[in-house]
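These are the residues of each chain, in order.
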Amino acid sequence: MEKIRIGKDEPLYEIKGIRPMSPNVMQIVFAGPVPISWGDIAIYTEDGTEAATLTGYDTVYRDDGQTVYLSNDGSVYQAPETPDGPGEPPEPYVPTLEELQAGKRREVAAECERLIYAGINVALADGSVEHYALTIEDQLNLFGKLSQITAGATQLEYHADGQPCRYYSEADMQAIIQAAMWHVSYHTTYCNALNMWIAGCQTTDEVTEIFYGADVPEQYQSDVLQAYLVEIAAMAGGGTDATPEG
């Protein structure tokens, strides 16, 4: 079965097929989990050989659950209008299971992004606690600080939210970076488990009961999420220097 990778650092996703539907729209049929973000698409053969890379297909044209259509020109699907008969009220639309699953995936992805960007509180060596946002730009800045530490820097310039830039010790900077990486990785792992749960739903009622923050049933918990849950339980019992938001 073919696989694809989105961007450089994402996991491989198994697909049943990928094909162009028009000069600007690509159809991808997934065999399992569906990505929550899009970018360059690297296609791999069954033996793991990279066959091709598609660029520009980063707009969701239409989401039909396990089948996703992407456009390379920013276009999105518009359902054709069907006029109602004279004097007849329109029938209430009942979404399909696949449409509810697609909507729920977008809902949890948005909440995951919001909580990641909201950031973290970190206790520093002097006992103070400062807050750090974790937008994409903030994450890139922090990973840059990690490179500086690797190169031997002992004083690193950075700033907490709403505070002026100042020098941090290597130990404090390491604490901030560690907490940031944990926060991003945990929420990404948890959101992935929610997507597995959504994909496993058999009824619309099951889908509507899922929300970000819900306890994921054990059958949809990955080994990585289970390890995080054990760690979070230990934090709750013994306290932690970094406090995950949300």
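From a predicted model like this one, the values you see are computed outputs, not experimental measurements.

Residue-level account of the overall build of the chain, with values.
In terms of regular secondary structure, the chain is built from five helices and twelve strands. Counting across all 246 residues of the chain, residues that qualify as buried make up 35%. Long-range contacts, defined here as pairs at least 24 residues apart, represent 52% of the contacts in the chain between residues at least 6 apart. Split by element, the accessible area of the chain, about 14200 Å² in all, is 52% carbon and sulfur.

Which residues make up a nonpolar patch on the surface, and what values do they have?
On the surface, Ile136, Leu140, Phe143 and Met181 cluster together to form a nonpolar patch covering roughly 390 Å² of accessible area. One can find Met181 in helix H3 (residues 170–200).

How would you summarise the nonpolar core if you had to cite specific residues and measurements?
Counting 39 residues, the largest nonpolar core has Tyr132 and Met173 as its most contacted members. Secondary structure elements with two or more residues in this core: helix H1 (97–118), strand S8 (120–123), helix H2 (136–150), strand S10 (155–158), H3 and helix H5 (223–238). Counting residues per element, this core draws most heavily on H3, which supplies 14 residues. In contact with Tyr132, other than residues within four places in its own chain, are Ala118, Gly119, Ile120, Val122, Leu124, Tyr158, His159, Ala160, Asp161, Tyr168 and Ile176.

Tell me about the sheet that holds strand S7 (residues 67–71), and please be specific about residues and values.
Strand order in this open sheet of seven strands is S5-S4-S1-S2-S3-S7-S6, and the pairing throughout is antiparallel. The strands lining the two open edges of the sheet, one partner per strand, are strand S5 (50–54) and strand S6 (59–64). Pairwise comparison of adjacent strand axes, ignoring direction, gives a mean angle of 35° for this sheet. Pairing between strand S3 (residues 25–30) and S7: five bridges, direction antiparallel. Pairing of Ile28 across the sheet is with Val68, part of S7.

Which residues make up the packing of aromatic side chains, and what are the values?
Applying the stated criterion across every chain yields a total of ten aromatic pairs. Here Tyr132 and Tyr158 contribute two aromatic rings whose centre-to-centre distance is 6.2 Å and whose plane-to-plane angle is 25°, an arrangement assigned as stacked. In this pair, Tyr132 sits in strand S9 (residues 129–132) while Tyr158 sits in strand S10, placing the two residues 26 residues apart along the sequence. An identical accessibility class is assigned to Tyr132 and Tyr158; each is buried. Feature note: the residues Trp182, Tyr186, Tyr190, Tyr212 and Tyr228 constitute an aromatic cluster, connected by ring pairs. Here Arg62 stacks its cationic end above the ring of Tyr77, 4.2 Å away from the centre of that ring. Over the aromatic face of Tyr168 sits the side chain of Arg166, whose NZ or CZ is 4.0 Å from the ring centroid.

Requested: an account of H2, with residues and values cited.
Over its 15 residues, H2 runs 21 Å from end to end, which matches the ideal 21 Å to within 8%, given 1.5 Å per residue. Of all the positions in H2, only Asp138, Gln139, Leu142, Lys145 and Ile149 are classed as buried. All buried residues of H2 fall inside an arc of 115° around its axis, so they share one side. Summarising the geometry of H2, the exposed residues directed more than 90 degrees from the buried face are Glu137, Leu140 and Thr150. Considering only its buried residues, H2 is in contact with H1, S10 and H3. The first or second residue beyond H2 is Gly152, which carries a positive phi of 105°.

Lay out the environment of Val60 with the relevant residues and their values.
Residue position: Val60 is located in strand S6. Residues within four places of Val60 in sequence aside, it is in contact with Trp38, Val68, Tyr69, Leu70 and Val76.

Tell me what's going on with the packing of H2 against H3, and back it up with residues and numbers.
Their axes nearest at 10 Å, the elements H2 and H3 cross at an angle of 135°. The angle between the axes of H2 and H3 places the two elements in the oblique class. In this structure, H2 crosses over H3, and the sense of that crossing is left-handed. Residues Gln139, Leu142, Phe143, Lys145, Leu146 and Ile149 of H2 lie in contact with H3, whose contacting residues are Glu170, Met173, Gln174, Ile176, Ile177, Ala180, Met181 and Val184.

Describe the pattern of salt bridges, listing the residues and the values that go with them.
Inspection of the entire model under this criterion finds eight salt bridges. Here Asp63 ties to Arg105 by a salt bridge, and the two come within 2.9 Å at their closest N and O atoms. Here the residue Asp63 occupies a position in strand S6, and Arg105 occupies one in helix H1, the gap between them amounting to 42 residues. Grouping residues by exposure puts Asp63 and Arg105 together as buried. Close ionic contact of Asp63 with Arg106 constitutes a salt bridge, the shortest N to O distance being 3.7 Å. Note that Asp63 is positioned in strand S6 and Arg106 in helix H1, a separation of 43 residues in sequence. Residue class for Asp63 comes out buried when judged on its relative accessible area of 16%.

Conventions adopted
- Residues numbered from 1 in each chain as written.
- Predicted model: local features only at pLDDT ≥ 70, side-chain atom pairs only at ≥ 80, totals over all residues.
- Heavy atoms only, no water.
- Helix = DSSP H or I, 4+ residues; strand = E, 2+ residues; numbered from the N terminus.
- Buried < 20%, exposed > 50% of the residue type's maximum accessible area, 1.4 Å probe, protein only.
- Contact = heavy atoms within 4.5 Å.
- Areas by Shrake-Rupley, 256 points an atom, 1.4 Å probe, with all protein chains shown as cover.
- Patch = residues over 30% accessible without salt bridge, like charges linked within 9 Å, V, L, I, M, F, W, Y side chains within 5 Å.
- Salt bridge = Lys/Arg side-chain N within 4 Å of Asp/Glu carboxyl O.
- Core = buried A, V, L, I, M, F, W, Y, C linked by side-chain atoms within 4.5 Å.
- Pairing = 2+ DSSP bridges.
- Axes fitted to C-alpha atoms, helices over the stretch in contact; angles between N-to-C directions.
- Phe/Tyr/Trp six-rings, centres within 6.5 Å; stacked < 30°, edge-to-face > 60°.
- Lys NZ or Arg CZ within 6 Å of the ring centre and 35° of its normal.
- Expected span 1.5 Å × (residues − 1).
- Arc of directions from axis to C-beta.
- Parallel < 35°, antiparallel > 145°, perpendicular 65-115°, else oblique.
- Left-handed = near helix turned anticlockwise from the far one by under 90°.

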